[in-house]
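# A closer look at the structure
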Amino acid sequence: MLETGNVDYLYIYKSIAIQHRLKYISLPPEINLSDPNFNNLYATASIAINGSAPGETRVQKGEAMQYSITMPLNGKNKLLAEDFVGYFLSKDLGLSVIRKHGQQILAPLKVH
């Protein structure tokens, strides 16, 4: 709706704005939930959400939003999974695609 002019602004992830070539304003890391170094500050904001049982609630505290990639140790297609993860972690392939689409790469990458 933003692209067609039906709304004036949206609150969305920066990566989505980048992917759609939209103008955006970057929020400082103290409030944009992007930097794990600010997790103590993010945790000062919380919300009560529905729990697993009817009438139950639980408190969800703020924390950095991070994406990750993993593979099961006993997967059926271990070699294909290793190739896929290898592609994602390749500086000139997967990581360049991820950056191009507005995702931040956290360093250091951990491989177990």
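Just above sits the structure.
Remember, it's a predicted structure, so these values are computed and weren't measured experimentally.

A few words now on the packing of aromatic side chains. Considering all chains together, one arrives at 3 aromatic pairs under this definition. Where F38 meets Y42, the ring centres are 6.2 Å apart and the plane angle is 35 degrees; that geometry is what we call tilted. Judged by relative accessible area, which is 4%, Y42 ranks as buried. Centre to centre, the rings of Y87 and F88 are 6.5 Å apart; their planes meet at 80 degrees, and the pair counts as edge-to-face. The class of F88 is partly exposed, set by a relative accessible area of 29%. Three or more aromatic residues joined by ring pairs form one cluster here, namely F84, Y87 and F88.

All right, on to the pairing of strand β1 (residues 46–50) then. Of all 5 residues in β1, 0 are buried; the element is thus mostly exposed. Judged from the 5 bridges that link them, β1 and strand β2 (residues 57–61) form a sheet pairing that is antiparallel. By the bridge assignment for β2, A48 is matched with V59. Counted along the chain from β1 to the antiparallel partner β2, the turn is 6 residues long, and its residue G55 has a positive phi close to 80 degrees.

Definitions and limits used
- Each chain has its residues counted from 1, running along the sequence as written.
- Side-chain atom pairs in this predicted model are given and counted only at pLDDT of 80 or more, local residue features only at pLDDT of at least 70, and totals for whole chains, interfaces and linings cover all residues.
- Heavy atoms throughout the structure, all of them, feed into the side-chain values; hydrogens and water do not.
- Pairs were defined over the aromatic rings of Phe, Tyr and Trp, the Trp ring being its six-membered one, requiring ring centres within 6.5 Å. Orientation was assigned from the angle between planes: stacked under 30 degrees, edge-to-face over 60, tilted for the rest.
- Only protein chains enter the accessibility calculation, which uses a 1.4 Å probe; a residue is then buried when its area is under 20% of its type maximum, exposed when over 50%, and partly exposed in between.
- By the criteria applied, helices consist of DSSP H or I runs no shorter than four residues and strands consist of E runs no shorter than two, each listed in order from the N terminus.
- Strand pairing is defined by DSSP finding a minimum of two bridges between the two strands.

In short, geometric facts, not functional conclusions.
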